[in-house]
Amino acid sequence: MTSRGAMARVAFGLTPLVLALSPGTAFSVVTMTPAARDSLASPDGNGRFSTYTEYGEPCINDAGQVAFAARLTATALGSADNDVLARFSPGDAVHLLARQAAAIPDGPGTWGNLQQITRQYAMNDSGRVAFNAPLAGTSGGVTNDRGVYSSMDPGSYWIHVRKGDIAPFTTSPFNVL
């Protein structure tokens, strides 16, 4: 025989489930705003966004900002400057944070291929995008051809670590990023 207290706990425990499954008039409003589409001009005027298959996996924050990598078509240098890392904010334009072949902030060197198979970037709720980027034309060649950077605004970068930098509290360099 079941006690009245146990029955009451079961009944009250099922109440939210029943209410959640009951039809009602609660609706969510979702606003969709395209950040980039096929053939849309690049914000810097050099090339056009390519097809959906040429976009990296996006990340979105609580403010509705979206960061993504993309491969552009019809750029000035062809495949040498067609990869970008971009951020879109609702009510604003797409901003390029990094572009393949553009100068890196701690040069000499340029950004490498930014559109990679696995996503190499993340974004926090304030819109700062951190990314692990391949570099080209660096002074150390393969010994410092990768770095972890972050950017809040185009042209403004924080350099967190470069391949070859000495790890804190050691005498060993970062060999792989």
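As the structure is a prediction and not an experimental result, all values here were calculated from the model.

### Thoughts on the overall build of the chain
For the chain, the helix and strand inventory stands at 1 helix and 10 strands. Along its sequence from the N terminus, the chain presents helices and strands in the succession α-β-β-β-β-β-β-β-β-β-β. Here the chain, with 177 residues, has 34% of them falling under the buried criterion. Intrachain contacts of the chain at a sequence separation of at least 6 include 39% that bridge at least 24 residues.

### Let's talk about the side chain of Gln-115
For Gln-115, the location among the structural elements is in the loop between β6 (110-111) and β7 (121-123). In this structure Gln-115 touches Glu-54, Tyr-55, Gly-56, Ala-69, Ala-70, Arg-71 and Asp-83, once residues within four positions along its chain are discounted.

### Side note on the packing of aromatic side chains
This structure, assessed with the given rule, holds 7 aromatic pairs. Aromatic pair Trp-111 and Phe-131: ring centres 5.4 Å apart, planes at 55°, arrangement tilted. A residue pair is termed long-range when its members are at least 10 positions apart, and Trp-111 in strand β6 and Phe-131 in strand β8 (residues 129-136) qualify at 20 residues. Each member of the pair, Trp-111 as well as Phe-131, carries the same accessibility label: buried. On the basis of an interplanar angle of 80° and a centroid distance of 4.8 Å, the ring pair of Trp-111 and Tyr-149 is categorised as edge-to-face. Taken as a pair, Trp-111 in strand β6 and Tyr-149 in strand β9 (residues 146-153) lie far apart in primary sequence, 38 residues in all. Given a relative accessible area of 2%, Trp-111 falls into the buried group.

### Looking at the pattern of salt bridges
On inspection of all chains with the given rule, the structure shows 6 salt bridges. Sharing partners across several salt bridges, the network here consists of Glu-54, Arg-71 and Asp-83.

### Comments concerning the nonpolar core
As a rule of thumb, soluble globular proteins bury nonpolar side chains together. If you look at the biggest cluster of nonpolar residues, it comprises 29 residues, and the most contacted ones within it are Phe-49, Phe-68, Trp-111, Tyr-121, Val-129 and Phe-131. Sorting the residues of this core by element identifies β3 (66-73), β4 (83-88), β5 (94-99), β7 and β8 as the ones contributing at least two each. Ranked by residues supplied to this core, first place goes to β3 with 6 residues. Setting aside residues no more than four positions away along its own chain, Val-129 makes contact with Ala-67, Leu-85, Arg-87, Leu-97, Tyr-121, Ala-122, Met-123, Tyr-149, Ser-150 and Ser-151.

### Quick look at the environment of Asn-144
Tracing the chain through its elements places Asn-144 in the loop between β8 and β9. Classification of Asn-144 by relative accessible area gives buried; the value is 15%.

### Some remarks on the pairing of strand β10 (residues 156-162)
Direction of pairing for β9 relative to β10: antiparallel, over a ladder of 6 bridges. Looking at β10, one finds that Tyr-149 is bridged to Ile-159.

### Regarding unusual backbone geometry
Here the amide bond leading from Gly-107 into Pro-108 is cis, since omega sits at 10°, within 30 degrees of zero. By secondary structure assignment, the location of Pro-108 is in the loop between β5 and β6. Of note in the backbone geometry, Ser-39 takes a positive phi value of approximately 70° without being a glycine. Given the relative accessible area of 49%, Ser-39 is considered partly exposed. Not every positive phi belongs to a glycine, and Ala-101 is a case in point at roughly 80°. Checked against the element boundaries, Ala-101 lands in the loop between β5 and β6.

### Observations regarding the confidence of the model for the chain
Residues of the chain with pLDDT of at least 70 account for 85%, and the chain-wide mean is 86. The spread of mean pLDDT over the elements of the chain runs between helix α1 (residues 4-21), the lowest at 43, and β6, the highest at 97. Segment residues 5-19: pLDDT under 50, and 1 contact once partners within four positions in sequence are set aside and those in other chains are kept.

Rules of the game
- Residues numbered from 1 in each chain as written.
- Predicted model: local features only at pLDDT ≥ 70, side-chain atom pairs only at ≥ 80, totals over all residues.
- Heavy atoms only, no water.
- Helix = DSSP H or I, 4+ residues; strand = E, 2+ residues; numbered from the N terminus.
- Buried < 20%, exposed > 50% of the residue type's maximum accessible area, 1.4 Å probe, protein only.
- Contact = heavy atoms within 4.5 Å.
- Phe/Tyr/Trp six-rings, centres within 6.5 Å; stacked < 30°, edge-to-face > 60°.
- Salt bridge = Lys/Arg side-chain N within 4 Å of Asp/Glu carboxyl O.
- Core = buried A, V, L, I, M, F, W, Y, C linked by side-chain atoms within 4.5 Å.
- Pairing = 2+ DSSP bridges.
- pLDDT = per-residue confidence, 0-100.

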